[in-house]
Amino acid sequence: MESYGGDMALRLGLGLPQTGTYDLTADVTEVARAAEELGYDSVWVLERLMRPEEPLDDMYLVPGMRWADYFRSVADPLVTLSLAAAVTERVRLGTAVLVGPLHQPLLLARALASLDAAGGGRLVAGLGTGWSRDEYAATGAEHAARGAALDELLDVCAAVWGPDPAAYEGRRTRFSPSAIGPKPARPIPVLLAGGTDKALRRLVRRADGWLPSMLSNEQIAATRSRIAELAGEAGRDPAELSTTVRAAVQLTDRPVEGRRRPHHGNVEQIVSDLTGAVRAGVQEVLLDAQLTCRDAQELIGTAKVLREAVTEAGL
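Structural notes, computed from the coordinates.

So, how was this worked out
Residues numbered from 1 in each chain as written. Predicted model: local features only at pLDDT ≥ 70, side-chain atom pairs only at ≥ 80, totals over all residues. Heavy atoms only, no water. Axes fitted to C-alpha atoms, helices over the stretch in contact; angles between N-to-C directions. Helix = DSSP H or I, 4+ residues; strand = E, 2+ residues; numbered from the N terminus. Parallel < 35°, antiparallel > 145°, perpendicular 65-115°, else oblique. Left-handed = near helix turned anticlockwise from the far one by under 90°. Contact = heavy atoms within 4.5 Å. Nonpolar A, V, L, I, M, F, W, Y, C, P; charged D, E, K, R; others polar. Salt bridge = Lys/Arg side-chain N within 4 Å of Asp/Glu carboxyl O. Buried < 20%, exposed > 50% of the residue type's maximum accessible area, 1.4 Å probe, protein only. Core = buried A, V, L, I, M, F, W, Y, C linked by side-chain atoms within 4.5 Å. Expected span 1.5 Å × (residues − 1). Arc of directions from axis to C-beta. Polar contact = N/O pair within 3.5 Å; in protein donor to acceptor, adjacent residues only side chain to side chain. Pairing = 2+ DSSP bridges. Right-handed = clockwise from strand over helix to strand, strands pointing away.

Attention shifts here to the packing of helix α1 (residues 27–38) against helix α2 (residues 77–87). Relative orientation and spacing of two packed helices are given, respectively, by the angle between their axes and the distance between those axes. Where α1 meets α2, the axes come as close as 9 Å, and the angle between the chain directions of the two elements is 50 degrees. Here α1 lies oblique to α2, going by the angle between them. The two elements α1 and α2 cross, and the hand of that crossing is right-handed. On α2, the residues touching V28, T29, A32 and R33 of α1 are T80, L83, A84 and V87. Its residues assigned to classes, the contact of α1 with α2 comprises five nonpolar, two polar and one charged.

Here is the structure:
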């Protein structure tokens, strides 16, 4: 299994343009090429199926928080990564995150294996249970059993990505010993989202790292301490478990005064946030600026400014 823990310089990922404000015929490939040329370590996609007019849940389960308008159109994550894979050679290809239980396990496991094989062994599978009951209802998935469904997906992936004949007998998936290919080019690293003790225990048992989104460095440090405790209880070395953070970036010309969200501000403020992330034990930060940029050229320009600033800061 590829190691995602240990001491290393901060790695930077870039979110690919998936929303309706971008031209999918050209912008994904242009940004992916630019990310590789600028020295980014990875490119990433998110998953969102829909924007219901009368949602069952508030956004991210935060009371009173309305669903973002960009949810109206988010391109399929694996189609987007396939476009990026075709025009790059080095950057890793990550999902942050796929809502695993929304997918039929065998079909998703096979699609991920195919993408890794096609990309020459560059896929990082970031998975989670999601939060939207509307998406669960739309796909016929059982929201109340989402944790068990994620466990089954992980089981199926292990079977499908391993040697043939592969077989599995579970609640949603059953297949007799069979040849199922193509196989991944190498063991696919699995990162899991979530912050509850139940989710973190699953992470310690089954994953290569943690994949939180839009948390403060203080929250990250506290949760990493808990992960280390749980790893110790499970007899696992905490250094084996990486932390990759998804950061919603908004770059401004002037410093943001007063209370400020992480990774919102001018270059110096964002670099300060990234420095704090390193101190909190983060190995990689996924900079997602697609929602605050008007077009692909602005997104590439923002990526260039931040990559250069991080390099100059010695991170």
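Right, let's get into the environment of L153. You can see L153 is positioned in helix α5 (residues 146–161). Taking the C-alpha atoms as reference points, L153 and P105, separated by 48 residues in sequence, lie 5.0 Å from one another. In this view, L153 contacts G100, P105, L108 and L127; residues no more than four positions away in its chain are not counted.

What follows deals with the pattern of salt bridges. Across all of its chains, the model carries 23 salt bridges by this definition. Linking D151 and R202 is a salt bridge whose minimum nitrogen-to-oxygen distance equals 2.9 Å. Here D151 is found in helix α5, whereas its partner R202 is found in helix α6 (residues 197–206), with 51 residues between them in sequence. Accessibility classification places D151 together with R202 in one group, the buried group. Where R236 meets E240, a salt bridge forms, and the shortest distance between an N and an O atom there is 2.8 Å. Residue R236 is classed as buried on the basis of its relative accessible area, which comes to 19%. Linked by salt bridges that have partners in common, D151, D155, R202, R205 and R206 make up one network.

Attention now goes to unusual backbone geometry. Cis geometry marks the peptide bond from D164 to P165, where omega comes out at 0 degrees. Mapping P165 onto the fold places it in the loop between α5 and β6 (166–169). The omega torsion of the bond from G181 to P182 falls at 5 degrees, within 30 degrees of zero and hence cis. With phi around 55 degrees, Y60 is a residue other than glycine that occupies positive phi space.

Bringing the nonpolar core into the picture now. Of all hydrophobic cores here, the largest spans 75 residues; its most connected members are L16, W161, L203 and V285. Tallying contributions element by element places α5 first for this core, with eight residues. With residues near it in sequence (within four places) discarded, L203 still touches L192, G209, W210, I227, R236 and L241. With eight residues, the next largest nonpolar core counts M59, W67, Y70 and V74 among its residues.

The subject of this paragraph is helix α3 (residues 105–118). Compared with an ideal rise of 1.5 Å per residue, which puts 14 residues at 20 Å, α3 spans 20 Å between its outermost C-alpha atoms and is within 8% of the ideal. When α3 is considered as a whole, its buried residues turn out to be P105, L108, A109, L112, A113, L115 and D116. Down the axis of α3, the buried side of the element spans an arc of 165 degrees, and every buried residue falls inside it. Turned more than 90 degrees from where α3 packs its buried face, L107 and A118 sit exposed. Where α3 starts, the residue carrying a side-chain oxygen 2.9 Å from the main-chain nitrogen of L106 turns out to be Q104. Trailing α3 by a residue or two, G120 shows a phi angle of about 75 degrees, which is positive.

Let us now look at the pairing of strand β5 (residues 123–128). Counted residue by residue, β5 has six buried out of six residues, so it is predominantly covered. Of the two faces of β5, the one lined by L123, A125 and L127 and the one lined by V124, G126 and G128 are each fully buried. As judged from the two bridges shared by strand β4 (residues 98–99) and β5, these two strands associate in the parallel manner. Across the sheet, the residue bridging to L98 is L127, located in β5. Assessed by its sense of winding, the connection that carries the chain from β4 through α3 to β5 is right-handed.

Moving on, we come to the side chain of T244. One can find T244 in strand β10 (residues 242–248). Residue classification places T244 among the buried residues on the basis of a relative accessible area of 1%. With residues near it in sequence (within four places) discarded, T244 still touches W44, L191, W210, L211, P212 and E284.

Another aspect to go through is helix α9 (residues 296–312). Look at α9: 24 Å from first C-alpha to last across 17 residues, which is about the 24 Å you get at 1.5 Å a residue. Of the residues making up α9, those classed as buried are A296, L299, I300, T302, A303, L306, R307, A309 and V310. Its buried side turned inward, α9 meets β1 (11–15), α1, β11 (250–251), α8 (267–279) and β13 (284–288). The distance from a side-chain oxygen at the start of α9 to the backbone nitrogen of Q297 is 3.2 Å, and the residue carrying that oxygen is D295. G314 occupies a position one or two residues after α9 and carries a positive phi of about 75 degrees.

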